[in-house]
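# Descriptive analysis of the structure
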Amino acid sequence: MSRGLKILIIIGLIVLLIWVGIRIFSAFFLGPRAPRPAITRGEFNFRLVYEIDGERFIAEDTLIVEHGGTGWDAGAGHFNKWTSHFESGNDGVIELFRDESERIFIDVPRYLIPRYLMGERYLSPTRNLIRRVSLNDSTIPSSRLTLLEDELLNEYGIEIIIWEHDPPIENRFE
């Protein structure tokens with residue numbers, strides 16, 4: 001057997017041992033795999049009705065959520081991944097106000113959290129629905145990145161009339 005072939009075999013064995021070691025380490029030390037959901041797809045309708053200066057606007061769509069496999073994170077361990085998109089093809093961001101200095105919008109995907117909607121109950125939509133972004137200066141304090149509904153009405157004359165969406169599903173994880 002030539003010296004080059006011996007070196008190649010040794011390198012192959014080292015790579016195989018490293019791969020086996022990583023698999024054993026992840027199986028025993030990184031925790032169990034994420035339990036698989038029984039229901040892997042859901043559709044969630046939402047409806048937003050709001051008024052600006054007496055004119056009423058309606059935004060309706062359906063968020064489609066699908067299981068996207070599992071992942072691992074150093075902080076969270078194994079978890080289920082969820083992908084989502086809106087039936088209309090829109091990005092789910094509803095702009096309420098814009099001028100030269102700021103933009104006020106509702107970021108539906110940040111509120112309708114796919115993991116929560118698909119039955120992972122330990123998560124809930126706690127984020128405020130209304131968001132504000134400075135277009136000129138990125139130094140807005142984080143506490144001012146969201147607005148309460150009364151601030152939206154008092155500062156911009158925009159009133160949220162209805163915000164409703166389908167509830168989360170009851171899911172089993174095995």
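Note: the structure precedes this text.
What comes next concerns the included structure.

Calculation criteria
Residues numbered from 1 in each chain as written. Predicted model: local features only at pLDDT ≥ 70, side-chain atom pairs only at ≥ 80, totals over all residues. Heavy atoms only, no water. Phe/Tyr/Trp six-rings, centres within 6.5 Å; stacked < 30°, edge-to-face > 60°. Buried < 20%, exposed > 50% of the residue type's maximum accessible area, 1.4 Å probe, protein only. Helix = DSSP H or I, 4+ residues; strand = E, 2+ residues; numbered from the N terminus. Patch = residues over 30% accessible without salt bridge, like charges linked within 9 Å, V, L, I, M, F, W, Y side chains within 5 Å. Areas by Shrake-Rupley, 256 points an atom, 1.4 Å probe, with all protein chains shown as cover. Salt bridge = Lys/Arg side-chain N within 4 Å of Asp/Glu carboxyl O. Pairing = 2+ DSSP bridges.

## Description of the packing of aromatic side chains
Under the defined criterion, the tally for this structure stands at five aromatic pairs. Aromatic side chains Tyr 50 and Phe 57 sit 5.3 Å apart centroid to centroid with 20° between the ring planes, which places their arrangement in the stacked category. For Tyr 50, a relative accessible area of 8% translates into the label buried. Look at Phe 57 and you get partly exposed, because its relative accessible area is 28%. Geometrically, the ring pair formed by Tyr 111 and Trp 163 is edge-to-face, given 5.7 Å between the ring centres and 75° between the ring planes. Here Trp 163 lies in strand β8 (residues 158-165) and Tyr 111 lies in helix α2 (residues 108-111), a separation of 52 residues in the sequence. We classify Tyr 111 as buried; its relative accessible area is 16%. Every member of this aromatic cluster is reached through a ring pair, and the members are Phe 46, Phe 86, Tyr 111 and Trp 163.

## Looking at a nonpolar patch on the surface
Judged by side-chain polarity, Met 1, Leu 5, Leu 8, Ile 9, Leu 13, Leu 16, Trp 19 and Val 20 come together as a nonpolar surface patch covering roughly 820 Å² of accessible area. Positionally, Val 20 belongs in helix α1 (residues 3-29).

## Quick look at the sheet that holds strand β6 (residues 130-134)
Strand order in the open sheet formed by four strands is β4-β5-β6-β7, and the pairing between neighbours is antiparallel. Unpaired on one side and paired on the other, β4 (93-98) and β7 (146-147) mark the two borders of the sheet. Bridging between strand β5 (residues 102-107) and β6 involves five bridges; their strand directions are antiparallel. Residue pairing in the sheet places Ile 104 in a bridge with Arg 132 of β6.

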